Every structure is written in C-alpha cells, then in structure tokens.
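What follows is each chain in one-letter form.
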Amino acid sequence: MLLLSKDERYWPLMSPLPSYGYGREHKGPRYGSLIHGQDLKDVTITGYNGTINGQGQSWWVKFRRKQLNHTRGPLVQLMRSSNIIISNITLRDSPFWTLHTFDCKNVTISETTILAPIAGAPNTDGIDPDSCENVVIKNCYISVGDDGIAIKSGWDQYGIAYGRPSANIIIQNVVIRSMVSAGVSIGSEMSGGVSNVLVENVHIWDSRRGVRIKTAPGRGAYVSNIAYRNISLEHVRVGIVIKTDYNEHPDEGFDPKAVPIIENISYTSIHGQGVRVPVRIQGSAEIPVKNVTFHDMSVGIVDRKHHVFQCSFVQGQVIGYVFPVPCKNLDMYNERRELVKQSTFQNISDIDYSF
C-alpha cells in the first residue's frame, strides 16, 4: 500500500491549471499530487488490486476549518499525456479529486475501485476527465464524497481561452454511490466544451443525484451529443438533472454573456426504484435546453407529491413508454408537433403538474 503524507508542508506547490486560472479553492498555486505526471506517453498504472491511500482525513479537517492556504491536490494527476492505462487498483481517501486526467488523449480506466467516506470528505470526486479526448471508463466501482465521475473542460474565461474540449468519452459498466452529489456529472466547469459522450450500463445507488449536467452564464461553449443508455437508479433523490444556474466563478473577469449551448441529449432505458424526483431540467431564457429525447423510462414512485417531471425552458420529444408522465412541452411533441415548432420553449410556471 502506498500512503500519502498527512502533512501538507511536505508537498510542493504547482501553478494553477491554465484552463482554470485559479487554484480552484484559493487564488494562486495548488498543492501537488502523490502521483503526478505531465507530457508523458504510454503510461500504465496497475497494482493487481493494490491500494494507493491518500490519507485525506487531515486534509478534509483542515479544509473545513479553513486552515489551508492553497488548493488541495488530487491523489493522481496526469497532464498533457497520452496512451494512459489505469487498471486493477484501488484509490482511496484522496485529499481532493481522486483521479484527474488533464488535457490527455487515449485514456483507459478499468477494473478500478475508488473509495472515500460518503460524508465528511469534501470534493473527493472519483474520476475527472478534464479537457480530455478518447476516454474509456469501464468496469469500475466508485463510492466517494462528491461526484463519482465528473467530465470537465475548464472554468469560464480561462477555459474559453484554453479551448480544449472533452470529447469522445465512453463510460460503461460502472457502479457508483454518491450520497453528497451525483453519480455522473458534466460540468460545471465545461468552458472548453463537452461532446460525444456515452454513459451506458451504469448503476447509481444511495446518491443525491443520478446523472447531471450543470453549467451557468459565463461558462460559454457547449454540452452536445450526450447519450445515457441503460441507467438504473436505486434510492436516488433526483434521477436526471440539467441545471443552468450553477453560478460559481473564479473571479469577476468572467463574461456573463458567454452562455453555453445545451443540445442533443438522449435518455434511453432509464429505470429505478426509490427515486424522489425522476427528472429536473432547469433551462432558462438565456440557456434553453434543446432536443432532449426520452425513450423507455420507468422510475418507481416514492412520493407522489414530488414524483413528477420538473421542467423549464426545455424542448424535446418522448418516444414510447415513459413513466411518470413527462412535462407537457415534451409530451406535446408526439401529440401535436406543429405546436411545439411554434412555441418551442415553455416556462415552468405554465406547466400543469396536476396529473
């Protein structure tokens, strides 16, 4: 077992990521990682079920007490590298994000277990592909104190200037638990753009949210061509989330007129039990959510008062059986397509939830 020192005094400081312009938690530099590499080719990290332990407990306590002057470092971070294989290993108790690949290409993460306490371990994301292309994440188990998997591509004006998208990402056969946050997230830092993502055969349990897209004015760029297939949800507070007002910014230099585009999102074979709110899509007049498709969905009832689609400024279609009853602006697509074309977006205040 490889252990990370509990004392941050022994850790070197690194410059902020160029697409963030900021240490993420504090201005200025950030702490390094236990395993760090940059500008590498043909990297393999495997342990035949060995463990890398970040001993994050002391870091989490100091973070909550505001005793750290710099941003915590990930447990494993690879930057500007290619042909990466990470497999058959356990990563646990990271001080911050657990496995962070930044501006990398051709990444495969498989048969990997990532663990952190489900409470009291702030920002311990499992896997964060960040401005990465051609990524496969498969056959993994993740139980952490933040997002299980979070696809990112830079933060506001810094991410827009850096201009490296996350694209061509496949997530398959993964089990995730995230009581604090979401199983699979896109954003909120997505200012280089995110496209061509497939999330398939994923089981999310005991989690606050299932699959989520989050962004805000100032992010710019796009989230496009995202497909969710065969997703099972078990004891999840909100199953599907799209949120467009996640207003956390690095500094005052962001452009509020840089609004992202969210379009071409499909949800197929979504099933679950113990889900309080199946769908919450919160578009806005600035950031409407376009071309959302639901096909074959059945999510069991926990609370009839909340067990509805919650939608605003969203346009799309429903194909086949979808339960519970979708928002009218989705359901009308099948019934009277010409009305949808004339009135593409509908405010949440206009939606009748009395079914």
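Read on for an overview of the structure. (Residues numbered from 1 in each chain as written. Predicted model: local features only at pLDDT ≥ 70, side-chain atom pairs only at ≥ 80, totals over all residues. Heavy atoms only, no water.)

### A word on the packing of aromatic side chains
Two aromatic rings, taken as a pair, are described by how far apart their centres are and by the angle between their planes. Applying the stated criterion across every chain, the model contains 9 aromatic pairs. Aromatic side chains Phe96 and Trp97 sit 4.9 Å apart centroid to centroid with 15° between the ring planes, which places their arrangement in the stacked category. An identical accessibility class is assigned to Phe96 and Trp97; each is buried. In this structure, Arg24 packs its charged tip against the face of Trp155, placed 4.4 Å from the ring centre. If you follow Arg164 out to its NZ or CZ, it ends over the ring of Tyr162, 4.5 Å from the centre. (Phe/Tyr/Trp six-rings, centres within 6.5 Å; stacked < 30°, edge-to-face > 60°. Buried < 20%, exposed > 50% of the residue type's maximum accessible area, 1.4 Å probe, protein only. Lys NZ or Arg CZ within 6 Å of the ring centre and 35° of its normal.)

### Regarding the side chain of Thr90
Summarising the element assignment, Thr90 is placed in strand β7 (residues 82-92). The class of Thr90 is buried, set by a relative accessible area of 15%. (Helix = DSSP H or I, 4+ residues; strand = E, 2+ residues; numbered from the N terminus.)

### A few points about the state of the cysteines
According to the stated counting rule, one finds 1 disulfide in the structure shown. Not part of a disulfide, Cys132 finds its nearest cysteine sulfur in Cys104, a span of 4.7 Å. (Disulfide = S-S within 2.5 Å.)

### With respect to the pattern of salt bridges
On inspection of all chains with the given rule, the structure shows 13 salt bridges. Linking Arg24 and Glu248 is a salt bridge whose minimum nitrogen-to-oxygen distance equals 3.5 Å. With a gap of 224 residues between them, Arg24 in the loop between β2 (13-14) and β3 (30-31) and Glu248 in the loop between β16 (222-243) and β17 (261-282) connect regions that are remote in the sequence. Accessibility expressed as a relative area gives 18% for Arg24, which makes it buried. For Glu25, the salt bridge is made with Arg72, and the minimal N-O distance between the two is 2.3 Å. Placement of Glu25 in the loop between β2 and β3 and of Arg72 in the loop between α1 (57-64) and β6 (76-79) is noted, with a sequence separation of 47 residues between them. Relative accessible area serves as the criterion here: at 1%, Arg72 is assigned to the buried category. One continuous salt-bridge network, built from bridges that share partners, spans Arg24, Lys152, Glu189 and Glu248. (Salt bridge = Lys/Arg side-chain N within 4 Å of Asp/Glu carboxyl O.)

### So, the pairing of β17
Here β16 runs beside β17; their pairing, made up of 17 bridges, is parallel. Note that in β17 the partner of Glu234 across the bridge is Gln273. Pairing analysis gives 9 bridges linking β17 to strand β18 (residues 289-299), with the strands arranged parallel. By the bridge assignment for β18, Ile270 is matched with Met297. Bridging between β17 and strand β19 (residues 309-312) involves 4 bridges; their strand directions are parallel. Among the inter-strand pairings, Arg280 is bridged to a residue of β19, identified as Gln310. (Pairing = 2+ DSSP bridges.)

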